[in-house]
Amino acid sequence: MFGNITLQYPYVLLLLGLFIICAFFCKAKSSSYFVPHLNLFESSTKLGSSTVVLLKWITIVFALIALSSPVKELNIINTKNKGIDIVLSLDTSGSMRQRGFNKENIQHNRWDVVSSIVKDFIEKRVNDNIALVVFGQSVMTASPLSYDKNAQKKIIDTLGIGIVGEKTALIDSIATSINILKQRSSKSKVIILLTDGNDTASKIPLNIVTKMAKKYGIKIYAVAIGVRDTFMLNELSNTNGGKTFTARSKDDLKKIYEKINLLEKSEIDQNKIVLKEYLFFYPLFISFLSLLMFVYFKNRRENI
């Protein structure tokens, strides 16, 4: 019930100890009078005295609680407008069937390794907008930009080698990725291209794609698996300060995605909005009501 209620200034409650100490050691001296048959008044004033003391402490305790400012967290909103838009462009051509990329299990083909590492990368980018593009003979947008990471991981599980053909339309995949990102207003737009071969099927020239990337401020990270000639990948990644990486094993590929994850930090955590309800009015009202009753009973005692 009180799990999401906190105190903004909890140290104010330490003042309660000061009031307790004062109650024992700061008592005011009062004049003594001899009153005959005083025992006749003891029974009538005993209850009144206890009530006054109780009301005094209720007033003090609830006033301190009000000063400590209790708040209830209603909701936490993550604003998405300053996140990173990322397109993962993945090679599913026939060459991804090659085995031996994972030294721990040589039966795994390249796609088995890539799909596992990419899903792990997606899970780490919880605050970013991610799209999936796969390419072979042609290009397919497997997922538009989305924050739904669980759905995207399931989509990757449904993809397979040769799903869009056996050849490699690498440049065309970059053009498709740019079309996804070009109208976005995010602070950072990134394409992470992964391929294990040279382009063999694209219809769009390389220089057109590099101009498009430069025009829309899109950074390209190129990840090559066993590719010796990286000229084309370097041309793409150098456009807006990206980088080309080469992976020769599963461990290499894992480290590359970890490095990209560190290079592209999202500042979305700085844009959390916490909706709060301030509750100080309730203890303050109880304290005020108790104070009125305290004054009433104290004056009544003194007039008896």
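Each remark here, short or long, concerns the structure printed above.
Residues numbered from 1 in each chain as written. Predicted model: local features only at pLDDT ≥ 70, side-chain atom pairs only at ≥ 80, totals over all residues. Heavy atoms only, no water.

Caption draft 1: Focus on the overall build of the chain. Counting secondary structure elements, the chain contains nine helices and nine strands. The proportion of buried residues among the 304 residues of the chain is 39%. Looking at the chain alone, contacts between residues at least 24 apart form 78% of all its contacts between residues at least 6 apart. For the chain, the accessible surface area stands at approximately 18,000 Å², while carbon and sulfur atoms represent 58% of it. (Helix = DSSP H or I, 4+ residues; strand = E, 2+ residues; numbered from the N terminus. Buried < 20%, exposed > 50% of the residue type's maximum accessible area, 1.4 Å probe, protein only. Contact = heavy atoms within 4.5 Å. Areas by Shrake-Rupley, 256 points an atom, 1.4 Å probe, with all protein chains shown as cover.)

Caption draft 2: How the structure looks around the pairing of strand β7 (residues 218-225). Among the eight residues in β7, seven count as buried, and that is most of the element. Relative to β7, strand β6 (residues 188-195) is paired through seven bridges, and the arrangement is parallel. From the neighbouring strand, K189 faces β7, where its bridge partner is I218. Between β6 and its parallel partner β7, the chain crosses via helix α6 (residues 206-215), and the hand of that crossover is right-handed. As judged from the five bridges shared by β7 and strand β8 (residues 243-247), these two strands associate in the parallel manner. Looking across to β8, one finds that Y221 is bridged to K243. What joins β7 to β8 is helix α7 (residues 231-237), and the crossover it makes is right-handed. (Pairing = 2+ DSSP bridges. Right-handed = clockwise from strand over helix to strand, strands pointing away.)

Caption draft 3: Focus on the side chain of S287. With respect to the element layout, S287 can be found in helix α9 (residues 281-302). Apart from the residues within four sequence positions on either side, S287 is in contact with T59, F62 and A63.

Caption draft 4: Representation of the environment of K243 within the structure. Looking at the secondary structure, you find K243 in strand β8. What makes K243 partly exposed here is its relative accessible area of 36%. With 10 residues separating them in the primary sequence, K243 and L233 have C-alpha atoms 8.7 Å apart. Every residue in contact with K243, bar those within four places of it in the chain, is listed here: I220, Y221, A222, S237 and K259.

Caption draft 5: Examining the nonpolar core more closely. Of all hydrophobic cores here, the largest spans 33 residues; its most connected members are L88, V114, I192, L194, L253 and Y257. Beyond its immediate sequence surroundings of up to four residues, I192 is in contact with I86, V87, L88, S89, F121, Y221, V223, Y257 and I260. Residues V87, F135, I174 and I218 belong to the second largest nonpolar core, which totals 24 residues. (Core = buried A, V, L, I, M, F, W, Y, C linked by side-chain atoms within 4.5 Å.)

Caption draft 6: Here's a closer look at the packing of helix α5 (residues 170-181) against α6. Viewed as axis vectors pointing N to C, α5 and α6 meet at an angle of 25°, and their least axial separation amounts to 10 Å. As judged from the angle between their axes, α5 and α6 are roughly parallel. The two elements α5 and α6 meet at a crossing, and its hand is left-handed. Taking contact as the criterion, the partners of I171, I174, A175, I178 and N179 in α5 are, on α6, L206, V209, M212 and A213. Tallied by class, residues from the contact of α5 with α6 come to eight nonpolar, one polar and no charged. (Axes fitted to C-alpha atoms, helices over the stretch in contact; angles between N-to-C directions. Parallel < 35°, antiparallel > 145°, perpendicular 65-115°, else oblique. Left-handed = near helix turned anticlockwise from the far one by under 90°. Nonpolar A, V, L, I, M, F, W, Y, C, P; charged D, E, K, R; others polar.)

Caption draft 7: How the structure looks around the packing of aromatic side chains. Following the criterion strictly, the structure yields five aromatic pairs and no others. Relative to F297, the ring of Y296 lies with its centre 5.3 Å away and its plane at 75°, an arrangement referred to as edge-to-face. Three or more aromatic residues joined by ring pairs make a cluster, and in this case those are F281, Y282 and F285. (Phe/Tyr/Trp six-rings, centres within 6.5 Å; stacked < 30°, edge-to-face > 60°.)

Caption draft 8: Summary view of the sheet that holds strand β4 (residues 129-135). Reading across the sheet, the six strands line up as β5-β4-β3-β6-β7-β8 and stay open at both edges, with mixed pairing between neighbours. Edge positions in the sheet fall to β5 (139-146) and β8, since each of these pairs with one other strand and no more. Averaged over neighbouring strand pairs, the angle between their axes works out to 15° when direction is ignored. Pairing geometry for strand β3 (residues 84-91) and β4, over seven bridges, is parallel.

Caption draft 9: Broad picture of the pattern of salt bridges. Tallied over the full model, the rule gives eight salt bridges. The salt bridge partner of D128 is R125, with a shortest N-O separation of 2.8 Å. Residue D128 is classed as buried on the basis of its relative accessible area of 2%. Given a relative accessible area of 4%, R125 falls into the buried group. (Salt bridge = Lys/Arg side-chain N within 4 Å of Asp/Glu carboxyl O.)

Caption draft 10: Structural detail: unusual backbone geometry. Even without a glycine there, the phi angle at S69 is positive, about 55°. Assignment of secondary structure puts S69 in the loop between α2 (39-67) and β2 (70-78). Residue S69 is classed as buried on the basis of its relative accessible area, which comes to 9%.

Caption draft 11: Layout of the environment of T92. Relative to the assigned elements, T92 resides in the loop between β3 and α3 (110-124). In sequence terms T92 and L194 are 102 residues apart; their C-alpha atoms lie 9.5 Å from each other. Apart from residues no more than four positions distant in its own chain, T92 is found in contact with W111, V134, F135, G136, G160, I161, G162, I163, V164 and G165.

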